[in-house]
Amino acid sequence: IRNGIVLPMTGGAAVLDPGSVLVDGATIVAVSPADAVDADPRAAADGTEVIDAAGHAVIPGLHNCHLHSGLLRGTAESLSLWDWLRTYVDPAHKALTPDIARVASLQCYAEGLLAGTTSVMDMWRYMEGSAAVAAQLGIRATLVPYVADAEGYDYFESIASNRALLEAVADDRTGTDGRVRGWVGLEHLLYCTPECFAQAVALADEFATGIHTHSSETIWEVNESLSRWGRRPIEVFAQRGILGPRTVVAHCVWLDDREIELLAQTGTAVAHCPCSNMKLAS
């Protein structure tokens, strides 16, 4: 990728103008001033494809830290989060099929690639289809099943189906050459029992993988947690043992100082989602 304005994103204000990026197969082997890459013998090898990036910025691929593949856009407008979930999202999950789930991943991953997103963390269902789509398109994906077991939510994924995905990805039966990995997913504090949390932690330990869930997206959720358990959501997460450097929690809009301290002390990461938070007035 030759002669562009290369932003390596290595810290500071580094800019290579003109700069070039040399790729060998699946590996970036050089990010340097254009003349240095031109002098690299690998850049002159037979069959080398040259992309003229003059007048363009060249940046690393973007990572979407919290994605739900889906075909819901335009189906529900001007609702708060819980009305939106109860009226549209959860009924859609009841009707979801493996084929619809695969097509939804195909659309979402393709849109991501067109916008420069080369890696996604996708919380979705029937994710063997998502892995196949990732193999087809070449995107990197961390696949996180929607696991829920509370009464009334048994139509989501289960710990057993999450295990099946982890086994399939670990064996690379999906043929992605290591670009796809599986994590353990917990849909939501209010959708999962304490037993489900314990099983999720054990599963993540067994496969040495991460955990992903949602929290504190609305003040209603915080108040409901206080009503049920006498603790705020992040405090319940700490009690149930999921906080730590391998865990990513989406949203976290309504935190108090103690919860922020808990996240910092445990090294837990947060995926902030400003667009969806504005969409649902969270």
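Our structure's up above, just so we're on the same page.
Analysis parameters
- Residues numbered from 1 in each chain as written.
- Predicted model: local features only at pLDDT ≥ 70, side-chain atom pairs only at ≥ 80, totals over all residues.
- Heavy atoms only, no water.
- 1 Å grid on protein atoms, 1.4 Å probe; cavity = no way out; pocket = protein on both sides within 12 Å on 5 of 7 lines; lining within 4 Å.
- Points joined across faces, edges and corners; volume = space filled by probe spheres on them.
- Helix = DSSP H or I, 4+ residues; strand = E, 2+ residues; numbered from the N terminus.
- Nonpolar A, V, L, I, M, F, W, Y, C, P; charged D, E, K, R; others polar.
- Salt bridge = Lys/Arg side-chain N within 4 Å of Asp/Glu carboxyl O.
- Buried < 20%, exposed > 50% of the residue type's maximum accessible area, 1.4 Å probe, protein only.
- Pairing = 2+ DSSP bridges.
- Right-handed = clockwise from strand over helix to strand, strands pointing away.

### Thoughts on the layout of surface pockets
To find leftover empty space, one rolls a probe the size of a water molecule over the atoms.
Thought 1: Its boundaries defined by the atoms lining it, the largest pocket holds a volume of some 1,200 Å³.
Thought 2: In this structure, the largest pocket is lined by 46 residues; those nearest its centre are Leu67, His68, Arg73, Trp84 and Ser276.
Thought 3: For the lining of the largest pocket, the secondary structure elements donating two or more residues are β5 (62–67), α2 (81–95), α3 (98–114), β6 (117–124) and α10 (274–279).
Thought 4: With eight residues, α2 is the single largest residue contributor to the lining of the largest pocket.
Thought 5: Class assignment for the residues of the lining of the largest pocket results in 24 nonpolar, 16 polar and six charged.
Thought 6: Approximately 780 Å³ is the volume found for the second largest pocket.
Thought 7: Of all the secondary-structure elements, those providing two or more residues to the lining of the second largest pocket are β2 (16–24), β3 (27–33), β4 (57–58) and β6.
Thought 8: Considering each element in turn, the lining of the second largest pocket owes the most residues, three residues, to β3.
Thought 9: Here the lining of the second largest pocket is composed, by residue class, of 18 nonpolar, seven polar and four charged.

### Topic: the pattern of salt bridges
Thought 1: According to the stated counting rule, one finds 13 salt bridges in the structure shown.
Thought 2: Two residues, aspartate 40 and arginine 42, come together in a salt bridge whose shortest N-O distance is 2.8 Å.
Thought 3: Salt-bridge contacts for lysine 279 lead to glutamate 77; the nearest nitrogen and oxygen are separated by 2.6 Å. Of the two residues, lysine 279 sits in helix α10 while glutamate 77 sits in the loop between β5 and α2, which places them 202 residues apart along the sequence.
Thought 4: Its relative accessible area of 43% is what places glutamate 77 among the partly exposed residues.
Thought 5: In the salt-bridge network here, residues are joined through shared partners; they are Arg232, Asp256 and Glu259.

### Observations concerning the pairing of strand β7 (residues 140–145)
The two faces of a sheet get side chains in turn, since along a regular strand they alternate between them.
Thought 1: Taking burial as the measure, the six residues of β7 include five buried ones, the bulk of the element.
Thought 2: Pairing geometry for β6 and β7, over six bridges, is parallel. When the bridges of β7 are listed, methionine 123 appears paired with valine 144.
Thought 3: Where the polypeptide runs from β6 across helix α4 (residues 128–137) and back to β7, its parallel neighbour, the crossover connection is right-handed.
Thought 4: As judged from the three bridges shared by β7 and strand β8 (residues 180–182), these two strands associate in the parallel manner. Opposite leucine 143, over in β8, you have glycine 182 as the bridge partner.

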